[in-house]
Every structure is written in structure tokens, then in C-alpha cells.
Amino acid sequence: MRAAVYGGDGRLGLEDRPMPRIELDDDLLIAVEACGICGSDLQILNVPPGHPATPGTILGHEFVGRVEAIGAGVTAIDVGWRVVVDPDPKCGICQSCQAGRPANCEHIVALGVYRDGGLASHVIAPAAAVYRIAEDVPTARAALVEPLACVINGTNRAAVRPGESVVVMGAGTIGCLFVAVFAAAGAGPLIVVEPNPVRAAVAAAVGADVTLTPEEFQERRQALLPNGADVVVDAVGSLLPAAIEAAGMGGRIVLFGMNGAARPAIHQVEITEKGLTILGSYISNFTFPTAIRLVEAGSLVLDPIVTTVLPLDQVVDGLASLRSGDATKVVITP
Ligand SMILES: [Zn+2]
Ligand SMILES: [Zn+2]
């Protein structure tokens, strides 16, 4: 099968790989229908990498597909099911798993990062990481379930109530998914800060009331949010200083974006004086079922987020358009 393989040092190449085979009793063989490209894939392909990964691994961790074969020990899943996959399989028995913090599982071996993922026609996944999804969910929307599950973890932590003001910083896929969920939850005003006009337009299409460049936000913040924001989301990974400034008294800040190189200087006393709550949000947290229900019910405006759908042999072009900011979510159909 053709596969998009991480070669180390910023390289991604198409290679011929043998069809993967079921080896463990709880393995599933999944034929990939579609696989999104993530900001963390770009980070993996940066030199030096902004996110670690194992060279030789097939990338792709946001995928939907169909179960083609099951291991001898699989009882609750049938061949033929259409499924989405949690690419961070949990062990279920470490201290974090048993304490109800699956995101902090000590034994995650992420698909598409440290073991083969979905940028290929087929992939092996453990049965416990697989969730059934309805047949009638359009392909591109189904490919958004994984990032949406991660965002639901963040929106659960933010616990926005109707009428609360929200600022989302960064309108890539993650920022736009936050906007879609907050809009459905009745947030308002819902303000997006994003320098790229293409991405700002996507944010507006999925529910932002106002989109501003960082400069415009500095100028108009006082007028738009005289009391500061109830909730601020950093979907970039280096914007905590700006988030602290934008938050109002008693505000909540969700830190979602990840940038391992960022060491921003913090005006700490402002956190104390405003009584801010700072919430880290990392991957999903028992949130796949909610994400699947939302896409199946059509409760969110999601379709504008997927700007590009390409076959596997154009994966390098897809990465380039994501990197340039022309695309929001690129979905590959192997
Ligand atoms: Zn991702
Ligand atoms: Zn664990």
C-alpha cells in the first residue's frame, strides 16, 4: 500500500509498505476513508521538530475508516463497522488512567506519531481506541471527530454559560472548533483574534461574532470588552500574556495550543489580582462519545473548516497549503 512516511529531519515521503496484519488479539485492521492533517504534523516536520515522532512511522492521527478484520479477542466490534479512532490509546491500568485522567496515561503510544497512523490505505488500531460512527456523517466531518474530541475537553473545562464573553486566539482548525462549540453553547460576544484573513473568514462562518487581527484587537479590546472576557482560549500555544490581559475579573483561560519553545514573560500579579483560573487542556478526556454525538446530530457548523480534500499522492501539497495558512483543515482520502 502507499503510505506517507516520516523520514526524520523534516522529510515526508510516499513509500510502498506491506499491508499491515493483525498481530495482537485486540487488533483491528481498518481501511482508511479519510485522514486529517494536523498542526502537530507540521510541528513534527519542522527542523528542528516542534513535536517528537519516530522516523519511519506512517503519519496521520485524525482518521475515519471501516473495520476490515478483527483480532481473535475482539468481541464488541464487528467487521464492516464505520469507526473513528482515538490515536492516543490508553492502557487503563496506570495510575493516571485509574484516577480518571486518561490524557496523562503513562503508556500512550500515539498512532501516526510513534506507531503507524492513517495516512495510508490501511492501519492497525487497538479495539479499545475505536468508536463507531453513523454511516450518514459526511466524510470530511467524520475526519474532524478527533480534533473535536480534544476541543470538547477544553470547552468542558471552560464551562461557558450562555451570554458569557469569549475570546479565541488563533483560528486554525482548533480555534475554529472552539468557536463552533462556544457558538452552540450561547457564548456572546464571541471574538476571534487571527492575523490571517482566510482563517478569520472560516471563524466567522462557524459562528464568531467579530474577527480581528492582533493589532485591531489591541485597539478595540476596551470598547468591545469593557469588563474583559469571561473566557479566553489560547489556540496558538504562546499567547498567555495576551490572554491574561484580555481576561476580566474572575476569568478563565484555557491553554490548548502547544509550542514547546515558547517561554513568554508573564505579568503574574494580574492573575492574582483578577482571580483568574488557568486551565491546561491536553488531548481528549472521555470526550469521543460527545464529539461523535455532535457531528451525528449536526449540532455544530463545521463544514467551512475543511477547506481542502486531496488524494494521498498530494499529501505534500496539502502540508504546504496548511503551512502557508491558505488552508484551515486539509483532509486526505487514501
Ligand atoms: Zn491532531
Ligand atoms: Zn494508562
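Residues numbered from 1 in each chain as written. Chains lettered and ligands numbered in written order. Predicted model: local features only at pLDDT ≥ 70, side-chain atom pairs only at ≥ 80, totals over all residues. Heavy atoms only, no water.

This paragraph deals with the layout of surface pockets. In this structure, the second largest pocket occupies an estimated 220 Å³ of space. The biggest single contributor to the lining of the second largest pocket is strand S6 (residues 122–126), with three residues. Broken down by class, the residue content of the lining of the second largest pocket amounts to seven nonpolar, one polar and six charged. (1 Å grid on protein atoms, 1.4 Å probe; cavity = no way out; pocket = protein on both sides within 12 Å on 5 of 7 lines; lining within 4 Å. Points joined across faces, edges and corners; volume = space filled by probe spheres on them. Helix = DSSP H or I, 4+ residues; strand = E, 2+ residues; numbered from the N terminus. Nonpolar A, V, L, I, M, F, W, Y, C, P; charged D, E, K, R; others polar.)

Right, let's talk about the coordination of the zinc ion (ligand 2) for a bit. Taken together, the protein ligands of the zinc ion (ligand 2) are Cys91 (SG), Cys94 (SG), Cys97 (SG) and Cys105 (SG), with distances of 2.3 to 2.4 Å. The site at the zinc ion (ligand 2) holds four donor atoms, and with the angles between them running 101 to 118°, its shape is tetrahedral. Mapping the donors of the zinc ion (ligand 2) onto the primary sequence yields the spacing C-x2-C-x2-C-x7-C. A residue is classified by how much of its surface remains accessible, and Cys94, at 4% relative accessible area, is buried. (Donors = N, O, S within 2.8 Å, 3.2 Å for Na, K, Ca; no water. Tetrahedral: all angles 85-135°; square planar, octahedral: opposite > 155°, others 65-115°. Buried < 20%, exposed > 50% of the residue type's maximum accessible area, 1.4 Å probe, protein only.)

A few words now on unusual backbone geometry. Following Val47, the chain continues to Pro48 via a peptide bond in cis, the omega torsion being -5°. With respect to the secondary-structure elements, Pro48 resides in the loop between helix H1 (39–44) and strand S4 (62–70). Note that the residue after Gly188, namely Pro189, is joined by a cis bond; omega there is -10°. Unlike most non-glycine residues, Asp9 shows phi in positive territory, near 50°.

Now for the coordination of the zinc ion (ligand 1). Octahedral metals with six donors have ideal donor angles of 90 or 180 degrees. Tetrahedral metals with four donors have an ideal donor angle of 109.5 degrees. Coordination sphere of the zinc ion (ligand 1), protein contribution only: Cys38 (SG), His61 (NE2) and Glu62 (OE), at 2.1 to 2.3 Å. In the primary sequence, the donor residues of the zinc ion (ligand 1) line up as C-x22-H-E. Of this pair, Cys38 sits in the loop between strand S3 (27–37) and H1 while His61 sits in the loop between H1 and S4, placing them 23 residues apart in sequence. Neither residue differs from the other here; Cys38 and His61 are each classed as buried.

Okay, the domain arrangement of the protein chain next. Taken domain by domain, the protein chain consists of domain 1 (2–144 + 302–333) and domain 2 (148–280). For domain 1 and domain 2, the distance between their C-alpha centroids amounts to 28 Å. Facing the 13 residues of domain 1 at the interface are 14 residues of domain 2. Surface buried jointly by domain 1 and domain 2 totals about 1,100 Å² across both partners, of which 62% is contributed by carbon and sulfur atoms. Counting every contact that joins domain 1 to domain 2 gives zero salt bridges. Put simply, domain 1 and domain 2 have five residue pairs in polar contact (both at pLDDT 80 or more) between them. Here the residues of the side of domain 1 that touches domain 2 sort into six nonpolar, five polar and two charged. (Domains from an automatic or database assignment. Contact = heavy atoms within 4.5 Å. Buried area = accessible area lost by both parts, 1.4 Å probe. Salt bridge = Lys/Arg side-chain N within 4 Å of Asp/Glu carboxyl O. Polar contact = N/O pair within 3.5 Å; in protein donor to acceptor, adjacent residues only side chain to side chain.)

With that out of the way, let us pick up helix H10 (residues 288–297). The set of residues buried in H10 consists of Phe288, Ala291, Ile292, Leu294 and Val295. An end-on view of H10 places all buried positions within 160° of arc, on one side of the element. Within H10, the exposed residues directed more than 90 degrees away from the buried face are Arg293 and Ala297. In the core, the buried residues of H10 are packed alongside strand S5 (82–85), strand S7 (130–132), helix H3 (139–142) and helix H4 (145–158). (Arc of directions from axis to C-beta.)

What follows deals with the packing of aromatic side chains. By the definition in use, this model includes three aromatic pairs. For the ring pair Tyr131 and Phe288, a centre distance of 4.9 Å and an interplane angle of 10° mean the geometry is stacked. You can see Tyr131 sitting in strand S7 and its partner Phe288 sitting in helix H10, a full 157 residues away along the chain. When its relative accessible area of 2% is taken as the criterion, Phe288 is described as buried. (Phe/Tyr/Trp six-rings, centres within 6.5 Å; stacked < 30°, edge-to-face > 60°.)

Once that is clear, we can look at empty space enclosed by the protein. Within this structure, the stated rule accounts for one cavity of 30 Å³ or more. What lines the largest cavity is Leu12, Ile37, Asp41, Leu45, Leu59, Leu119 and Leu319.

What follows concerns the nonpolar core. With 51 residues, the main nonpolar core has Ile133, Leu148, Val168 and Phe182 as its most contacted residues. At the level of elements, H4, strand S8 (166–169), helix H5 (173–184), strand S9 (190–193), helix H6 (197–205), strand S11 (229–234) and H10 are the ones that each hand at least two residues to this core. When near neighbours in sequence (up to four residues on either side) are disregarded, Ile133 contacts Val64, Arg82, Val83, Val84, Ala142, Val145, Ile292, Val295 and Glu296. Core analysis: the second largest hydrophobic core is formed by 41 residues, Val113, Val123, Val130 and Leu310 among them. (Core = buried A, V, L, I, M, F, W, Y, C linked by side-chain atoms within 4.5 Å.)

Let us look at the environment of Gly73. Relative to the helices and strands, Gly73 is located in the loop between S4 and S5. Taking the relative accessible area as the measure of exposure, Gly73 reaches 45% and is therefore partly exposed. Taking the C-alpha atoms as reference, Gly73 lies 5.4 Å from Asp26; in sequence the two are 47 residues apart.

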